[in-house]
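In case you want the letters, here they are:
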Amino acid sequence: MKLAGQLVAVSAVTLLLPWAGCQYARDIETTLRQGEAATLLSTARLLAAAVAPAAGEFAAPPTRWRADRARSSDLYVHTLPTLPTLDGFVEDWGPASLQAEPHGDMALLVARRGVFIHVFVAVPGTAPPAAVSLHGRDLRVEFPLEAPGAVSGIVQGASPDPRARGDWQATSAGWQLEARVPGALLEGRLGVRLLNSAGAVRATTFGTIPGWMTGPDPAAQAALDALAPPGQRVFLVDRTGFVLAEHGPPRQSRPDPDAGWLERLYRRVLGDRIEADPPPAARPGQLSGRHIELAALGVSDARRYALPGGSLLAAAAPIGGRQAAEAIVVVERDTAEILSLTGRPTRRLLGTSLLASFAAAAVLLGFAVLLSLRIRRLRDAAGEAVGRRGEISGPLPNAQADDELGDLARSIGGLLGKVREHNLYLQSLGGRLAHELRTPLAVVRSSLDNLEAEGAGEGPWLGRARDGVDRMGRLVNALAAARQIERAVTAEAHQRFDLAAQVGEMTAAYQALYPDRTFSFTRPVASCWLDGAPELIAQLLDKLVENAVAFAPAGADIRLAIEESGTCWRLSVTNPGSRLPPGPSARLFDSMVSERPADTTPHLGLGLFIVRLVAEHHGGRAAAHNLADDAGVEFLVELPKAQGTLPGRA
Amino acid sequence: MSRHIAIVEDEAAIRENYADAFRRTGYRVSMFAARREALDAFDARLPDLVVIDVSLGAEPEGGFELCRELRARAPRLPLIFLTARDSDFDVVSGLRLGADDYLTKDISLPHLLARIAALFRRLEALTGPADAQRVLERGQLQLDVERLEARWAGQDPGLTLTEFWIVHALARHPGHVKNRQQLMDAAHVVLDDATITSHVKRIRRKFEAIDPAFGAIHTVYGLGYRWRDGAAT
């Protein structure tokens, strides 16, 4: 991983900033919500205390709450806004939300209109019974189901009552009955029994003991309207949550239309999960939830419920006794406005901290780029500091810097300095060795000369000693020569000349010099102008040709050529009959490297070293490679063309 | 009376060997190991020829100093430098010390003796009358083989013995190409090609100092050099 990438990864840590902001906003939100809940709860308690004196007017009698009574048979009596037609169908009862509710196998709906109680009964999937019996507290009203259509109620199985009427229909699902009974007959209770033709009770029955009917209570409504603060949604409910009175705007649950993406993100991450219970299941006319259950036991409670698109804060306070509430006051509030209250600061906080994070990441990225640039420059400089011949280039970048990179540059510089000293030592070693060896050689040589002159040179030994000394002398000369050549090369003056003309001239000379080889020379038509030292180029070509002749068999064809290659002249000498040794070909051009087979004359591999020196002195380069098909070896020298105005053709 | 040669050389074995060879040939020899010692002795009496090593004991270039002082006293005294370093050639040339020759210590004793003999011959010739017969003329070049003296347009370029013989070998047969080996043989020296090249370069420089348009020594690439007669202006 590159340094820049690493730093960017590290800069991801700054994302903690918005996260911390979210946590902070969440804390604020929690505190606000707790405060709101407390406020709501105290409102509920105050209301409960205020309503308590009137509770006697609407509270159900204590017998209703007897422990042995089954609450499941209690029914809620809705209020009908209009008088429906008795036609066996429930659809004309008013609000669409009024639907028959399942009670066991039966679907039931009870509503009040004036003094009448309307009852709708349906039992899907069964044949109609002989009669449907509606039980009040003391009396019962039977509706015999003969032919579908209007039916009349019979009170206590004997006297038909014209006020009790109904209408039943057979449907694809079974049958259904819509009936209307004076409320006075039922006296606030209702049980439903299905009777067969023999008058026996069929299994499907609702409320073996007739259950209590609870509905909106005018007294309760009056008490609530008198006391409830405006704008608040307040309910008066009984212990089971049946709504006795309702005040204030209805519940609304819709997403905040102003929510931006940041806020939605915030809600998604944190908001809606804050201490919210799952939404309470409720039937029309009935409130439910843990707060109702607790209040029914005499404990005030406030809690928050998650609703689709928002949340609901509800507080419940019991009215009356500590052990059993006569009624319960419920105050509700949709809490979307809380979120939107904190939403704007939250949005700003989130936005600002995200911006700060990105800015920090950008700054770090820039810094990383700068840092890696510096490191890269140092690396490149260090990599190029040591040239091919071991020479060391100038100072490294960053060496002035105060930081660790500066330290690094300085220590690399120190290291390179040592390498430079060592290289200088090695470069001068040859010359110094040659110098030191020459004096003892001179002693031996002059001694041998004296011996010979004195006539002591009997036997072959003197000659052998002389041969040895001569050979050693040549070695010593060669040792010094490399250094000397380098000096000579740099001292040579440059001029502009035609390379092709010179090589052509020299090819003719080589032909004369080596009659047993064939030389050929290919050149461009135009003059090949070069800025350089013709002497040195001649020396270079001498060495290349010498080399080619040494490796080519007698009669071989040695080809010289000049080609144009971009901004360079490419001078090549090709000889058949040999191949380069394996390994890097650049090594061939070092001094003291010879790949010739050992023979009697010492050879120190200076020839190709001179070639390289001269080529590099002219800003070019030398290379060697085997020809395809093992046809021989080609030595190449690339020399930059002369720049600027060229003289006309000579 | 036999000639007197002084050898100033810090290496005892070489000094003795050279002295033995000179004595055998019939010269008288004095030997010195240091510059001071030699100068003191030369105060009393100058030798006929001095062989000087460039580096003298503690003085790496004491020979140059000695040469300068000797030239100041005796402008015509023949001086031969012996050196273990090739680079000294350039120094000697650059300093224009006026040495008659400089040689590496590679040189064999017979070659050295031949040079000394040549220098003495020149000394004799200088004292005798000039003989037009012995002078080789090629355009503006005049070579006096007896006096081992070269002139270009009447001026002395100050060639050393080695350089004189190289010029002589070239100028004797104008137009003929002499390769490096032939030049080495003519100059009685064993040198590598690069040194011959630098000798020729120095010769050119010396002539160019007199005549900037000098171009008589022509390089024949790949072969050697030749004298271009009449090419010079």
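In the block above lies the structure referred to throughout.
Residues numbered from 1 in each chain as written. Chains lettered and ligands numbered in written order. Predicted model: local features only at pLDDT ≥ 70, side-chain atom pairs only at ≥ 80, totals over all residues. Heavy atoms only, no water.

S.K.: Which parts of the structure should I look at to understand the overall build of chain B?
M.R.: A tally of helices and strands in chain B yields 8 helices and 11 strands. For chain B, the proportion of its 233 residues judged to be buried stands at 54%. Restricting the contact set of chain B to residue pairs at least 6 apart, pairs at least 24 apart contribute 59%. When the accessible surface of chain B is summed, it comes to about 9500 Å², and 49% of that surface belongs to carbon and sulfur atoms. (Helix = DSSP H or I, 4+ residues; strand = E, 2+ residues; numbered from the N terminus. Buried < 20%, exposed > 50% of the residue type's maximum accessible area, 1.4 Å probe, protein only. Contact = heavy atoms within 4.5 Å. Areas by Shrake-Rupley, 256 points an atom, 1.4 Å probe, with all protein chains shown as cover.)

S.K.: Would you take a moment to explain the overall build of chain A for this structure?
M.R.: Helix and strand content of chain A: 13 helices and 25 strands. Burial statistics for chain A: of 650 residues in total, 45% are counted as buried. Here the analysis covers contacts within chain A between residues at least 6 apart in sequence; of these, 65% occur between residues at least 24 apart. Carbon together with sulfur atoms contributes 59% to the accessible area of chain A, which is approximately 32300 Å² in total.

S.K.: Just checking my understanding: could you explain the environment of B:Ala150 for this structure?
M.R.: Residues and elements named next belong to chain B. With respect to the helices, strands and loops of the structure, Ala150 is situated in strand β8 (residues 149-152). Its relative accessible area of 3% is what places Ala150 among the buried residues. A sequence separation of 18 residues divides Ala150 from His168, and the C-alpha atoms of the two residues are 8.9 Å apart. Ignoring any residue separated from it by four or fewer positions in sequence, one finds Ala150 in contact with Gln142, Leu143, Gln155, Asp156, Pro157, Leu159 and Phe164.

S.K.: I'm lost on the interface of chain A and chain B in this one. Help?
M.R.: The accessible area lost on association of the parts is a frequent measure of interface size. Contacts between the two partners involve 27 residues from chain A, matched on the other side by 29 residues from chain B. If you sort the residues of chain A by the area they bury against chain B, A:Arg438, A:Asn450 and A:Glu535 come out on top, with a joint share of 21%. Taken together, the links from chain A to chain B amount to 2 salt bridges. Here B:Arg204 and A:Glu535 are joined by a salt bridge, their closest N and O atoms 3.5 Å apart. For the interface between chain A and chain B, the tally reads 9 residue pairs in polar contact (both at pLDDT 80 or more). For the side of chain A that touches chain B, the secondary structure elements donating two or more residues are α9 (404-453), α10 (461-491), α11 (499-513) and α12 (534-551) of chain A. Sort the elements by how many residues they give to the side of chain A that touches chain B and α9(A) lands first, with 11 residues. Considering only residue class, the side of chain A that touches chain B consists of 10 nonpolar, 8 polar and 9 charged. (Buried area = accessible area lost by both parts, 1.4 Å probe. Salt bridge = Lys/Arg side-chain N within 4 Å of Asp/Glu carboxyl O. Polar contact = N/O pair within 3.5 Å; in protein donor to acceptor, adjacent residues only side chain to side chain. Nonpolar A, V, L, I, M, F, W, Y, C, P; charged D, E, K, R; others polar.)

S.K.: Looking at this structure, how should I read the packing of aromatic side chains?
M.R.: How two aromatic rings sit relative to each other is set out by the distance from centre to centre and by the angle between their planes. For the coordinates displayed, the defined rule picks out 12 aromatic pairs over all chains. Between B:Tyr27 and B:Phe120, the ring centres sit 5.4 Å apart and the planes meet at 40°, which makes this aromatic pair tilted. With a gap of 93 residues between them, B:Tyr27 in the loop between α1 (12-25) and β2 (28-32) and B:Phe120 in helix α5 (residues 109-127) connect regions that are remote in the sequence. Judged by relative accessible area, B:Tyr27 falls into the buried class, the value being 14%. Three or more aromatic residues joined by ring pairs form one cluster here, namely B:Trp152, B:Phe207, B:Phe214 and B:Trp227. Between A:Arg180 and the ring centre of A:Phe116, over which it is positioned, the NZ or CZ distance is 4.6 Å. Positioned above the aromatic ring of A:Trp569, the side-chain terminus of A:Lys641 is 5.0 Å from the ring centre. (Phe/Tyr/Trp six-rings, centres within 6.5 Å; stacked < 30°, edge-to-face > 60°. Lys NZ or Arg CZ within 6 Å of the ring centre and 35° of its normal.)

S.K.: How should I be thinking about the packing of helix α2 (residues 35-44) of chain B against helix α3 (residues 62-73) of chain B in this particular structure?
M.R.: A pair of packed helices can be characterised by two numbers: the angle between their axes and the separation between those axes. All names here are of chain B. Where α2 contacts α3, the axes come no closer than 10 Å and their chain directions differ by 15°. Judged by the angle between their axes, α2 and α3 are roughly parallel. For the crossing formed where α2 meets α3, the hand is right-handed. Along the contact surface, α2 presents Arg35, Ala38, Leu39, Phe42 and Asp43, while α3 presents Gly62, Glu65, Leu66, Glu69, Leu70 and Arg73. Tallied by class, the residues present in the contact of α2 with α3 amount to 5 nonpolar, 1 polar and 5 charged. (Axes fitted to C-alpha atoms, helices over the stretch in contact; angles between N-to-C directions. Parallel < 35°, antiparallel > 145°, perpendicular 65-115°, else oblique. Left-handed = near helix turned anticlockwise from the far one by under 90°.)

S.K.: For this particular structure, what's the right way to read the sheet that holds strand β20 (residues 518-522) of chain A?
M.R.: Residues and elements named next belong to chain A. Taken in spatial order, the 5 strands line up as β20-β22-β23-β25-β24 in an open sheet, and their pairing is mixed. Across the chains shown, the open sheet's two edge strands, defined by having one partner strand only, are β20 and β24 (621-626). Recorded for the sheet is a direction-independent mean angle of 15° between the axes of neighbouring strands. Each of β20, β22 (557-565), β23 (568-575) and β25 (633-640) is contacted by α11, which is oriented at about 170° to β20, the strand it contacts most. (Pairing = 2+ DSSP bridges.)

S.K.: Explanation requested: the pairing of β23(A) in the structure shown.
M.R.: Look at any regular strand and the pattern is simple: side chains alternate between the two faces of the sheet. All names here are of chain A. Extensive coverage of β23 is indicated by the burial of 7 of its 8 residues. Where β22 lies against β23, 7 bridges are found, and the strand directions are antiparallel. The residue bridging Ala561 from the neighbouring strand is Ser572, located in β23. The loop that links β22 with its antiparallel partner β23 comprises 2 residues; one of these, Gly566, has a positive phi angle of about 65°. Taken together, the 8 bridges between β23 and β25 define a ladder with antiparallel strand orientation. In the strand pairing of β25, Val573 is matched with Phe635.

S.K.: Help me out: how do you make sense of the nonpolar core in this one?
M.R.: Inside soluble globular proteins, nonpolar side chains tend to come together where they are buried. Among the nonpolar cores identified, the biggest contains 51 residues, and B:Phe22, B:Ile116 and B:Trp227 are the most heavily contacted of them. With sequence-adjacent residues up to four places away left out, B:Phe22 is seen in contact with B:Ile5, B:Ile7, B:Tyr27, B:Val29, B:Val51, B:Leu112, B:Leu113 and B:Ile116. Residues A:Ala500, A:Leu536, A:Trp569 and A:Ala624 belong to the second largest nonpolar core, which totals 49 residues. (Core = buried A, V, L, I, M, F, W, Y, C linked by side-chain atoms within 4.5 Å.)

S.K.: Looking at this structure, how should I read the side chain of B:Ser30?
M.R.: Among the structural elements, B:Ser30 can be located in strand β2. Here B:Ser30 is in contact with B:His4, B:Ile5, B:Ala6 and B:Ile7, once residues within four sequence places are set aside.

S.K.: So what exactly am I meant to see when it comes to the side chain of A:Gln176 here?
M.R.: Residues and elements named next belong to chain A. Relative to the helices and strands, Gln176 is located in strand β10 (residues 174-182). A polar atom in the side chain of Gln176 sits 2.9 Å from the backbone oxygen of Gly88. For Gln176, the residues in contact, after removing those within four places along its chain, are Gly88, Phe89, Phe120, Val121, Ala122, Asp167, Trp168, Gln169 and Thr171.

S.K.: Just checking my understanding: could you explain unusual backbone geometry for this structure?
M.R.: Of all residues except glycine, most have a negative phi; of all peptide bonds, most are trans. A positive phi angle, close to 55°, is found at A:Glu187, a residue other than glycine. Its identity is not glycine, yet B:Ala153 carries a phi of approximately 55°, on the positive side. For B:Ala153, a relative accessible area of 44% translates into the label partly exposed.

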